[in-house]
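# Working through the structure, step by step
What follows is each chain in one-letter form.
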Amino acid sequence: MFIKSKQFFNLKSEKNKIFNNIYNINRINNRINNNLPLNCLNSFKRFYFLKRNDKKVVGGIVSPKRQVSPLIKTPPYIFEPNNPKNYDIKDIQIKNEEEIDKAKEACNIAAKVLKKISKFVIPGVKTDYIDEMAHYIITSYRAYPSPLGYKDFPKSICTSVNEVACHGIPDSRCLERGDIINLDVTVYINGFHGDCSATFIVGETDLESLRLVNTTKDCLMKGIEICGPGVPFSKIGYVINSHAQKSGYDIPDVLVGHGIGKLFHEPPHIFHVCILLFV
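Since we're looking at a predicted model, the values are computed, not measured.

About the thresholds
- Residues numbered from 1 in each chain as written.
- Predicted model: local features only at pLDDT ≥ 70, side-chain atom pairs only at ≥ 80, totals over all residues.
- Heavy atoms only, no water.
- Phe/Tyr/Trp six-rings, centres within 6.5 Å; stacked < 30°, edge-to-face > 60°.
- Helix = DSSP H or I, 4+ residues; strand = E, 2+ residues; numbered from the N terminus.
- Buried < 20%, exposed > 50% of the residue type's maximum accessible area, 1.4 Å probe, protein only.
- Pairing = 2+ DSSP bridges.
- Expected span 1.5 Å × (residues − 1).
- Arc of directions from axis to C-beta.
- Contact = heavy atoms within 4.5 Å.
- Salt bridge = Lys/Arg side-chain N within 4 Å of Asp/Glu carboxyl O.
- Axes fitted to C-alpha atoms, helices over the stretch in contact; angles between N-to-C directions.
- Left-handed = near helix turned anticlockwise from the far one by under 90°.
- Nonpolar A, V, L, I, M, F, W, Y, C, P; charged D, E, K, R; others polar.

### Let's talk about the packing of aromatic side chains
A complete count under the given rule lists 4 aromatic pairs for this structure. Aromatic pair Tyr77 and Tyr150: ring centres 5.0 Å apart, planes at 80 degrees, arrangement edge-to-face. Linking Tyr77 in the loop between helix H1 (25-33) and helix H2 (97-117) with Tyr150 in the loop between strand E2 (144-145) and strand E3 (158-161), this pair joins segments that are 73 residues apart in sequence. Taken individually, Tyr77 and Tyr150 each receive the classification buried, so the pair is uniform in this respect. Look at Tyr77 and Phe264: their rings are 6.2 Å apart centre to centre, the planes differ by 20 degrees, and that puts the pair in the stacked class. Of this pair, Tyr77 sits in the loop between H1 and H2 while Phe264 sits in the loop between strand E7 (256-259) and strand E8 (266-271), and the two are 187 residues apart along the sequence. Assigned by exposure class, Tyr77 and Phe264 land together as buried. An aromatic cluster is built from Tyr77, Tyr150 and Phe264, whose rings are joined through pairwise contacts.

Written out as structure tokens, the structure reads:
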């Protein structure tokens, strides 16, 4: 997700006039340094998305945590209070063919779930209902919804609407025409996590919102295209950041990509911003 740069803020039509709010990096860093909560809707990392009327998302009521059958294997962090621990670059796991196949299985299930729940992205539908459907579909595959219970996260998927940058908590708020929403789905099966997400437009939206979503997808594809043996991790962030800035956007540097496999968030962390040296 990106923030519109001030120098690109020039719309001719008064109907499409958008207010430009700048991402408050210092506020987020202060919360991290002081161990303040970051995983609830009202205090989580945000970027200020450009909306026609600058109307911000107001959190709704979060329903009780959904239950999972005891027959479904759960990830270790559910029962270990100190899990997940912090990992660094030396903990990168090089997978063999069998492990790659298991990771593919998990990712394929996650992709199927994402596709199925996307049909519920319509005005008037509560994000909690989308979570309920996702929970049912994930568990029907005998998989565990990875976010559920991860660092006390209370839901089975993440639903990030408008200015919520990521990891939004599904609640009683109904989707409105013109919203954009990111659905983030991760499942755990046979000891491996599979993770995917996509951003959707609720009904019709303004041209600037559409441009933001399209630019984000373009950056994703450019990041994927650059991947390959021998390519420095930093080059992924370089191509993403370069395309974003050419399109008039900046990227919050407090959000990163990550590895996936036996761990929900494996090293390495992949920055989406430009690093001076390719290392």
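Structure shown, so let's carry the discussion forward.
### Here's the deal with the pairing of strand E4 (residues 180-189)
Across the 10 residues that make up E4, a large majority, 10, are buried. Going residue by residue along E4, you find Ile180, Asn182, Asp184, Thr186 and Tyr188 tucked away on one face and Ile181, Leu183, Val185, Val187 and Ile189 tucked away on the opposite face as well. Pairing analysis gives 2 bridges linking E2 to E4, with the strands arranged antiparallel. Each bridged residue has a counterpart across the sheet, and for Tyr144 the counterpart in E4 is Tyr188. Pairing of E4 with strand E5 (residues 192-201), which is carried by 10 bridges, proceeds in the antiparallel orientation. Directly across from Asp184, in E5, lies its bridge partner Ser197. The hairpin formed by E4 and E5 contains 2 residues between the paired strands, and Asn190 there has a positive phi angle of roughly 55 degrees.

### Details of H2
An α-helical segment advances 3.6 residues per turn. Residues three or four places apart therefore align on the same side. Along its 21 residues, H2 runs 30 Å from first to last C-alpha, staying within 8% of the 30 Å computed at 1.5 Å per residue. The set of residues buried in H2 consists of Glu99, Ala103, Ala106, Ile109, Ala110, Val113, Leu114 and Ile117. Seen along its axis, H2 keeps its buried residues to an arc of 140 degrees; they face one direction. Of the exposed residues in H2, the ones pointing more than 90 degrees away from its buried face are Glu97, Glu98, Lys104 and Lys115. Against helix H3 (127-140), E4 and E5 lie the buried residues of H2.

### Quick word on the pattern of salt bridges
Taken as a whole and assessed by the stated rule, the structure comprises 9 salt bridges. Arg66 is the salt-bridge partner of Asp128, the closest N and O atoms lying 2.9 Å from each other. Remark: Arg66 occurs in the loop between H1 and H2 and Asp128 occurs in helix H3; sequence separation between them is 62 residues. The exposure class assigned to Arg66 is buried, which follows from its relative accessible area of 17%. A salt bridge links Glu98 to Lys102; its shortest N-O distance comes to 3.7 Å. Separated by 4 residues within a single helix, Glu98 and Lys102 lie in helix H2, roughly one turn from each other. In the salt-bridge network here, residues are joined through shared partners; they are Arg66, Asp128, Asp131 and Lys155.

### Details of the packing of H2 against H3
In a packed pair of helices, the relevant descriptors are the angle between the two axes and the axis-to-axis distance. Between H2 and H3, the least distance of the axes is 10 Å, while the angle of their chain directions is 145 degrees. Of the two possible hands of crossing, H2 and H3 adopt the one that is right-handed. In this structure, H2 contributes Val113, Lys116 and Ile117 to the contact, and H3 contributes Ile130, Met133, Ala134, Ile137 and Ile138. Of the residues in the contact of H2 with H3, the class split is 7 nonpolar, no polar and 1 charged.

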